[in-house]
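# Residue-level structural notes
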Amino acid sequence: MQTKILDCVEDAAAILRCGGLVAFPTETVFGLGADARSEAAIKRLFGAKGRPSDNPLIVHLADFDQWPLAARAMTELGRRVLDHFAPGPITVILPKAESICQSVTAGLDTVGIRIPASDLARQLLRAAAIPIAAPSANLSGRPSGTTWASVLEDLDGRIDAILRADSAQVGLESSVVDCTGSVPILLRPGSVGLEELRRHFPTATAFDGVSSSTSAVSPGIRHPHYQPRAKVRLVTNVESWSPAEAELELKFAYAGIDAPPARTNYCERFADLAAYARGFYEFLRAADRGGADVVLLQVVAAATAEQAGLAAALFDRQRRAAGNCEIPSA
Ligand code: TXA
Ligand code: MG
């Protein structure tokens, strides 16, 4: 199959309506879209990504009014959360509509819905006028795609088309919030963090990731994620870091805000936390392309209360890239 690079929203929408697979930009990361009502389209989507079938997909909509396309009911909580944060980098879990196929939700009775803020994404969703299931547009287990070139790198020949656009603005996936009950539960941290949720919903909680209901609540948590080929190490104190004697021959890549340690072969120094988050996945890909053996990731605290969500989300992705390792002291 030849993957087309498209600039025309209507052409991309037509492919989606015919059951095809189209990668498209959102403000978080690029998504790989398919008709959420079509078992055949969703089966192809899981195949193209190499994604385990027990990890459910998020359904994307152009506007709030379209929620009946994906959800059986709009909970009071869901309405209020969407009212505050959508369109934007948030996904709300609601009771699933009959018309959304089982493979989208991996058999769950709930569905994640998201109204992206990206203009181009909403134009595409409006033109398609169907519910679009879209996981991040990367091979399963690889860093998410935040540029169309990275999407092509992973999925060339495996999908029908890519809607060409600028890089994603936020760079990390949406916050996933369970809104089926009376209290919002943050299942996956994104740029909308627990602090920000609590400003509007004081009793909001975060899923702790260890409760016995893990498999029922957020199946995706079990799977390895965001792992580059290089070994990943988290560093809090960059200045005092140095390689061990036995590692002197290795190739090191570094990403962070502070100046890199002396002995790094490739480095990306970001101006601030937002730039770090935006460039994070591209950096991991570049480190792999450059043949790095070890990737050093600086752990950065939020400088302001507004950045708390983004800092927590970046730290979450850093830990996953490192295979959920413990945080070393240096
Ligand atoms: O920003 C984003 O959310 C991007 C863009 C493309 O919108 N999409 C994305 O999709 O990150 P994906 O498939 O990579 O991640 C979906 C996450 C997984 O952690 C999955 O477990 C969770 O959402 N999820 C989906 N449906 C769920 C449900 N019914 N209950 C609990 N978690 C759900
Ligand atoms: Mg993903």
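Structure: see above.
The paragraphs below set out a description of the structure included in this document.

Conventions adopted
- Residues numbered from 1 in each chain as written.
- Chains lettered and ligands numbered in written order.
- Predicted model: local features only at pLDDT ≥ 70, side-chain atom pairs only at ≥ 80, totals over all residues.
- Heavy atoms only, no water.
- Core = buried A, V, L, I, M, F, W, Y, C linked by side-chain atoms within 4.5 Å.
- Buried < 20%, exposed > 50% of the residue type's maximum accessible area, 1.4 Å probe, protein only.
- Helix = DSSP H or I, 4+ residues; strand = E, 2+ residues; numbered from the N terminus.
- Contact = heavy atoms within 4.5 Å.
- Pairing = 2+ DSSP bridges.
- Axes fitted to C-alpha atoms, helices over the stretch in contact; angles between N-to-C directions.
- Phe/Tyr/Trp six-rings, centres within 6.5 Å; stacked < 30°, edge-to-face > 60°.
- Lys NZ or Arg CZ within 6 Å of the ring centre and 35° of its normal.

### A closer look at the nonpolar core
Core analysis: the largest hydrophobic core is formed by 48 residues, its most contacted members being Val 104 and Ile 113. In terms of residue count, helix H2 (residues 39–49) provides more of this core than any other element does, 5 residues in total. For Val 104, the contacting residues outside a window of four places in its chain are Ala 36, Ile 42, Pro 56, Leu 57, Val 59 and Ala 133. Formed by 31 residues, the second largest nonpolar core is a distinct cluster that contains Leu 172, Leu 234, Tyr 281 and Ala 287.

### Remarks on the sheet that holds strand E9 (residues 175–178)
Within the open sheet, the 11 strands sit side by side as E1-E8-E2-E3-E7-E4-E6-E5-E9-E10-E11. Their pairing is mixed. Bordering the open sheet on either side are strand E1 (4–6) and strand E11 (205–206), each of which pairs with just one other strand. Lying over the sheet, helix H5 (residues 148–155) contacts E1, strand E2 (22–24), strand E3 (31–35) and strand E8 (161–163), oriented at roughly 170° with respect to E8.

### A word on the sheet that holds strand E14 (residues 266–269)
Pairing is parallel in the open sheet, where 4 strands are placed in the order E12-E15-E13-E14. Every other strand in the sheet has two partners, leaving strand E12 (231–235) and E14 as the edge strands with one partner each. Averaged over all adjacent pairs, the angle separating strand axes in this sheet is 15°, with direction ignored. Across 4 bridges, the pairing between strand E13 (residues 252–256) and E14 is parallel. Residue pairing for E14: Tyr 254 is matched across the bridge by Cys 267.

### Considerations on the packing of aromatic side chains
In this description, a pair of aromatic rings is defined by centroid distance and the angle of the planes. The full count for this structure, using the stated rule, is 5 aromatic pairs. With 5.2 Å between their ring centres and 65° between their planes, Trp 241 and Phe 252 make a pair best called edge-to-face. Of this pair, Trp 241 sits in the loop between E12 and E13 while Phe 252 sits in strand E13, and the two are 11 residues apart along the sequence. Of the residues examined, Trp 241 reaches a relative accessible area of 11% and is grouped as buried. In this structure Phe 252 comes out as buried when scored by relative accessible area, which is 1%. Between Tyr 276 and Phe 280, the aromatic rings sit 6.4 Å apart at their centres with planes inclined by 65°, giving edge-to-face as the arrangement. Of this pair, Tyr 276 and Phe 280 both sit in helix H8 (residues 273–289), separated by 4 residues, roughly a single helical turn. Judged by relative accessible area, which is 0%, Tyr 276 ranks as buried. For Phe 280, a relative accessible area of 0% puts it in the buried group. Feature note: the residues Phe 270, Tyr 276, Phe 280 and Tyr 281 constitute an aromatic cluster, connected by ring pairs. Its end group placed over the ring of Trp 148, Arg 164 keeps NZ or CZ at 5.2 Å from the ring centre.

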